[in-house]
Amino acid sequence: MEESSARAKRAKRSQIDATDRRILSALLNDGRLTNSDLATRVGLSPSPCWNRVKRLENDGIIERYVAVVDNGALGLRDVVFVEITLDKHEEEVLERFGQALVRIPEVLEASLVTGEYDYLVKVAVADTADYERFLRQHLYKIGNIRQTRSTFALRTLKRAESVDPVRLGER
């Protein structure tokens, strides 16, 4: 049953037209647009615009609305990318490690990846001393870590929550 539901959702997602893309693009830039303003921007009247937004939400294309917070304003001015290699790769170890990662507040993103390491984790910290605290008090306490390698970001060149569907359609 879950497989057929997932298939149905994928089929619906493939039915995004140019107007849906304009709606999604406008909401990516300003998720607080009123329906009236959104309708004006995408060239629809308010009722059809509202119906399309509701369909996009119900189909899971719009997953959620968020406020993007400046981490620097919270005292977390540095971003660190951490490559993590585990000792073991049994399903329960991966599951437990992944669950522990998502509970750590400084972790912005965490992905199980292929290649030379197992996880790529994006972390927000105040400075190098705070990063050491993060490692000792959080990451290393999870266990089963064979090796980590850290890279501090010097500057963020692009930061996006999602791909802009209008620009994606231009390729």
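An account of the accompanying structure is given in this report. Keep in mind it's a predicted model, so treat the numbers as computed, not measured. (Residues numbered from 1 in each chain as written. Predicted model: local features only at pLDDT ≥ 70, side-chain atom pairs only at ≥ 80, totals over all residues. Heavy atoms only, no water.)

Moving on, we come to the overall build of the chain. Scanning the chain for helices and strands turns up seven helices and four strands. Each helix and strand of the chain, ordered N terminal to C terminal, gives the series α-α-α-α-β-α-β-β-α-β-α. In terms of overall dimensions, the chain has C-alpha extents of about 55 × 45 × 30 Å along its principal axes. Burial status across the chain gives 30% buried among its 171 residues. Pairs at least 24 residues apart make up 68% of the contacts formed inside the chain by residues separated by at least 6 positions. Just so you have it, the chain exposes about 12000 Å², and 48% of that area is on carbon and sulfur atoms. Charged side chains in the chain number 28 positive and 27 negative. The centres of these two groups are separated by 4 Å. (Helix = DSSP H or I, 4+ residues; strand = E, 2+ residues; numbered from the N terminus. Buried < 20%, exposed > 50% of the residue type's maximum accessible area, 1.4 Å probe, protein only. Contact = heavy atoms within 4.5 Å. Areas by Shrake-Rupley, 256 points an atom, 1.4 Å probe, with all protein chains shown as cover. Lys, Arg positive; Asp, Glu negative; His and termini not counted. Charge placed at Lys NZ, Arg CZ, Asp CG, Glu CD.)

It is at 11 Å that the axes of helix H2 (residues 18-29) and helix H4 (residues 46-58) come closest, and there the two elements cross at 80 degrees. It follows from the interaxial angle that H2 and H4 lie roughly perpendicular. Mapping the contact onto sequence places Thr19, Asp20, Ile23, Leu24 and Leu27 in H2 and Cys49, Arg52, Val53, Arg55 and Leu56 in H4. Looking at the contact of H2 with H4 residue by residue, the classes come out as six nonpolar, one polar and three charged. (Axes fitted to C-alpha atoms, helices over the stretch in contact; angles between N-to-C directions. Parallel < 35°, antiparallel > 145°, perpendicular 65-115°, else oblique. Nonpolar A, V, L, I, M, F, W, Y, C, P; charged D, E, K, R; others polar.)

Moving on, we come to helix H6 (residues 128-142). Spanning 15 residues, H6 covers 20 Å between terminal C-alpha atoms, matching the ideal 21 Å at 1.5 Å per step. Of all the bends found along H6, the most pronounced is centred on Leu135 and spans about 40 degrees. Those residues of H6 that fall on the buried side of the exposure criterion are Asp130, Tyr131, Phe134, Leu135, Leu139 and Ile142. Each element contacted by the buried residues of H6 is listed here: strand E1 (78-86), helix H5 (91-102), strand E2 (107-112), strand E3 (119-125) and strand E4 (145-152). The N-cap residue of H6 is Asp127: its side-chain oxygen and the backbone nitrogen of Ala129 are 3.2 Å apart. Backbone geometry just after H6 places Gly143 at a positive phi near 90 degrees. (Expected span 1.5 Å × (residues − 1). Bend = angle between axes of the 7 residues up to and from the residue. Polar contact = N/O pair within 3.5 Å; in protein donor to acceptor, adjacent residues only side chain to side chain.)

With that settled, the discussion passes to the nonpolar core. In this structure, Ile84, Phe97, Phe134 and Leu139 are the most contacted members of the largest nonpolar core, which totals 21 residues. Secondary-structure elements contributing two or more residues to this core are E1, H5, E3 and H6. Sequence-distant contacts of Phe97, defined by excluding residues within four places in its chain, comprise Ile84, Leu86, Tyr119, Leu139, Ile142, Gly143 and Ile145. Counting 13 residues, the second-largest nonpolar core is a separate cluster that includes Leu24, Leu27, Val42 and Leu56. (Core = buried A, V, L, I, M, F, W, Y, C linked by side-chain atoms within 4.5 Å.)

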